[in-house]
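The chain contents come next:
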Amino acid sequence: MQTAASLNLDGEQPGGQVGGATEGPKLVVAPKPDAGAAAASTSSQLTDTPVRRIAAWLRSALPKVLTTMLSLGLFVAFWYFATKYKWDFYIRFTNIPSPGEVLDNAAQLMHSDKFYNNMYVSLRRIMIGFGVATVLGVALGLLIGQYRVAKAMLFPVFETLRPIPAIAWVPMAIMLWPSNETSIVFITFLGSFFPILLNTIHGVNSVDPVLLRAARCLGATEFGLLRQVVLPAALPHIFTGLAIGMGVAWVSLIAAEMISGQYGIGYFTWEAYSLIEYADIVIGMIVIGVLGLLCSGGIRLLGTALMPWMAGSTQGGQK
Amino acid sequence: MMSQSADQAKATGHIVVDHLRVRFGHNAAMVEAVSDVSMEVKPGEFVSIIGPSGCGKSTLLNVVAGFVKPSAGRVTMDGKHTDRPSADRGMVFQQYSLFPWLTVRKNVEFGLKQKGLDANHREEAARTLLGLAGLLAFENHYPDQLSGGMKQRVGIVRALATSPRVLLMDEPFGALDAQTRVVMQQILTNMWQRFRISVLFITHDIDESIFLSDRIYVMTARPGRIKAEIPISLVRPRTPDMALSPEYLRIKQQLRDLITEESLKAMGGELKDSGLAGFGMEVGPQGVAELI
Ligand SMILES: Nc1ncnc2c1ncn2[C@@H]1O[C@H](COP(=O)(O)OP(=O)(O)O)[C@@H](O)[C@H]1O
Ligand SMILES: [Mg+2]
């Protein structure tokens, strides 16, 4: 743990020293993209050989790796024995596939175009639904947050619709939209729209007023203010909304696919149940989890890339 | 380009405040913040306003900046109403007001970008100004990585970048420690002499106002009025040793008396409001002094 932290510091020193040269600024983590690369060659070559670094890393990371593996191993072992002996104590393991069966089916599905197509269809629905929700949620959030007229006209409608879970819209969506596909995308959109909208509004409302006044004194027009001050100032909150919205989008998508879908990973999982392909249910669940994780990771990466000034504060987060 | 805009600035930046009155709220809840203030900043002049807190200094500055509408009277710069904010009146705030998502250089470029200047010219102008302020080494830093004094220096540079005719400063060094503040005063004086623009500077620090100003207006407790106008004829460049000269000490004594009188009045009002007067005590300026 400690060694990992000191390695990190080594990497950041060169960036900080540029600043320290003339008048000491606070030595906050320097977000210079080239700092890390430069560090590898220059910093403390005498004491830190690559081998030592790896050894140090292993020593610090090993306990965590071991406990993680132990935890997961126990879980799989429980699963294995519960299915092997068909445990039945209120919770029934009689029909549950064993880890081995799941692995076998997974090996087969790796070669199935149909399976990849299901993944592709789900991802496409997420991209469209979440994409539209991002554009609309951020745009409307900026307007509602910044202009009283927009808030008066739009907010009551959204406040009325917001408590209705996206899934409750399924029958309505099927009637509203011309195809099953569009109604599933609509459900996905609905799920992510409200978190994005509300967090954007919150972000706009928490913009420091002195920044707006400073921008006005520097000649910013109304639109310039919105695009060059309000939007970037609200960006951290917007990304909170995007992270939550992505999670809800997946929840809504899977439910919609199970109810009314053709294709998609949620449909695949439900269909596996109907076809008594129980091992495929587990595979569907795992894939849904992994895809959701990847999407959330993508949002986080995008956030880091778009908000380089936040580098210091986000790195200080929980460990 | 630099000297051209400096010459232009020299001839303008004439602020005239004419019988200004500002009230907030209505009826019973009405507060008169500024009451019948007349004053001016001549082209190229450095003018300070000093007065007890809550006397309407910021309100007065905000009317000049174009953020607050006068209830009566008028404020003009070079004959034009200051009815909305504009880049020809640069402003420096007490709170740090740099855009945290922009690097130091991009902060300085902000005003030039609003003017439609292309990226190359923006960068060139920003780097020149940052160089003058000794900040070039930090052009790619984000504001969070700077000390308080450096942030305010960048704030001044950013306000100067659009070649405003006047710089409006609302207690810009109020949050800084004493040493940094003295350095900042020196830097501000240098920048002001180089750009020769008008400055309207608000402070509650007597030494600061004497060190910086050509003229000082002392305001009364709320509702703010001009109580006195003190010209400072100390030669420039001014040095820290001047603080021991008889002339300096005379001005300082005079200002301190004026301000103490007003501060006591302001406190007397507060004590009255808080119900002390209800005990049959006559709480005037003298009364408060005795109480303390
Ligand atoms: N927007 C406003 N609405 C109501 N009252 C205000 C507003 N702005 C300032 N005031 C009041 O006007 C008075 C003068 O405030 P201000 O100009 O900020 O004083 P100073 O800067 O001298 O400390 C204060 O009593 C303050 O409460
Ligand atoms: Mg004030």
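See above for the structure.
Conventions we followed
- Residues numbered from 1 in each chain as written.
- Chains lettered and ligands numbered in written order.
- Predicted model: local features only at pLDDT ≥ 70, side-chain atom pairs only at ≥ 80, totals over all residues.
- Heavy atoms only, no water.
- Helix = DSSP H or I, 4+ residues; strand = E, 2+ residues; numbered from the N terminus.
- Polar contact = N/O pair within 3.5 Å; in protein donor to acceptor, adjacent residues only side chain to side chain.
- Contact = heavy atoms within 4.5 Å.
- Buried area = accessible area lost by both parts, 1.4 Å probe.
- Salt bridge = Lys/Arg side-chain N within 4 Å of Asp/Glu carboxyl O.
- Pairing = 2+ DSSP bridges.
- Near = heavy atom within 4 Å.
- Nonpolar A, V, L, I, M, F, W, Y, C, P; charged D, E, K, R; others polar.
- Axes fitted to C-alpha atoms, helices over the stretch in contact; angles between N-to-C directions.
- Buried < 20%, exposed > 50% of the residue type's maximum accessible area, 1.4 Å probe, protein only.
- Arc of directions from axis to C-beta.

**Description of the side chain of Lys57(B)**
Stage number 1. The topology assignment puts Lys57(B) in helix α2 (residues 57-65).
Stage number 2. In this structure the side chain of Lys57(B) is engaged in a polar contact, spanning 3.1 Å, whose partner is the backbone oxygen of Pro52(B).

**Considering the interface of chain B and chain A**
Interface size is commonly expressed as the accessible area that is lost once the parts come together.
Stage number 1. Taken residue by residue, the interface counts 31 residues in chain B and 27 residues in chain A.
Stage number 2. Taken over both partners, the interface formed by chain B and chain A buries close to 2700 Å², and the fraction arising from carbon and sulfur atoms is 65%.
Stage number 3. Joining chain B to chain A, the criterion identifies 0 salt bridges.
Stage number 4. The tally of links between chain B and chain A comes to 3 residue pairs in polar contact (both at pLDDT 80 or more).

**Thoughts on the pairing of strand β4 (residues 72-77) of chain B**
Residues and elements named next belong to chain B.
Stage number 1. The pairing of strand β1 (residues 15-24) with β4 spans 5 bridges and is antiparallel. Bridging across to β4, Val 17 finds its partner in Val 75.
Stage number 2. Bridge analysis of β4 against strand β5 (residues 80-81) gives 2 bridges, and the strand direction is antiparallel. Bridge pairing links Thr 76 to His 81 in β5.
Stage number 3. Linking β4 to β5, which pair antiparallel, is a turn of 2 residues; within it Asp 78 sits at a positive phi near 50°.

**Looking at the site of ligand 1**
All names here are of chain B.
Stage number 1. Every residue close to ligand 1 is listed here: Phe 24, Ala 33, Ser 53, Gly 54, Cys 55, Gly 56, Lys 57, Ser 58, Thr 59 and Arg 222.
Stage number 2. Here Gly 54 contributes a backbone N or O atom positioned 2.7 Å from an oxygen atom of ligand 1.
Stage number 3. With respect to ligand 1, the side chain of Thr 59 contributes an N or O atom lying 2.5 Å from an oxygen atom.
Stage number 4. Partitioning the shell around ligand 1 into residue classes produces 3 nonpolar, 5 polar and 2 charged.

**Remarks on the sheet that holds β4(B)**
Residues and elements named next belong to chain B.
Stage number 1. The sheet built from 4 strands is open, its strands ordered β2-β1-β4-β5 with antiparallel pairing. Whereas interior strands pair on both sides, the edge strands pair on one side only; in this sheet they are β2 (31-41) and β5.
Stage number 2. With respect to the sheet, α2 is in contact with β1, β2 and β4, its orientation differing from that of β1 by roughly 120°.

**Here's the deal with helix α11 (residues 265-274) of chain A**
Residues and elements named next belong to chain A.
Stage number 1. Those residues of α11 that fall on the buried side of the exposure criterion are Ile 265, Gly 266, Phe 268, Thr 269 and Ala 272. Buried residues of α11 fall within an arc of 165° about the axis and therefore sit on the same side.
Stage number 2. Looking at the buried side of α11, the elements it contacts are α4 (99-109), α5 (113-146), α10 (222-260) and α12 (278-306).
Stage number 3. Positive backbone phi, at 55°, marks Ile 276, one or two positions downstream of α11.

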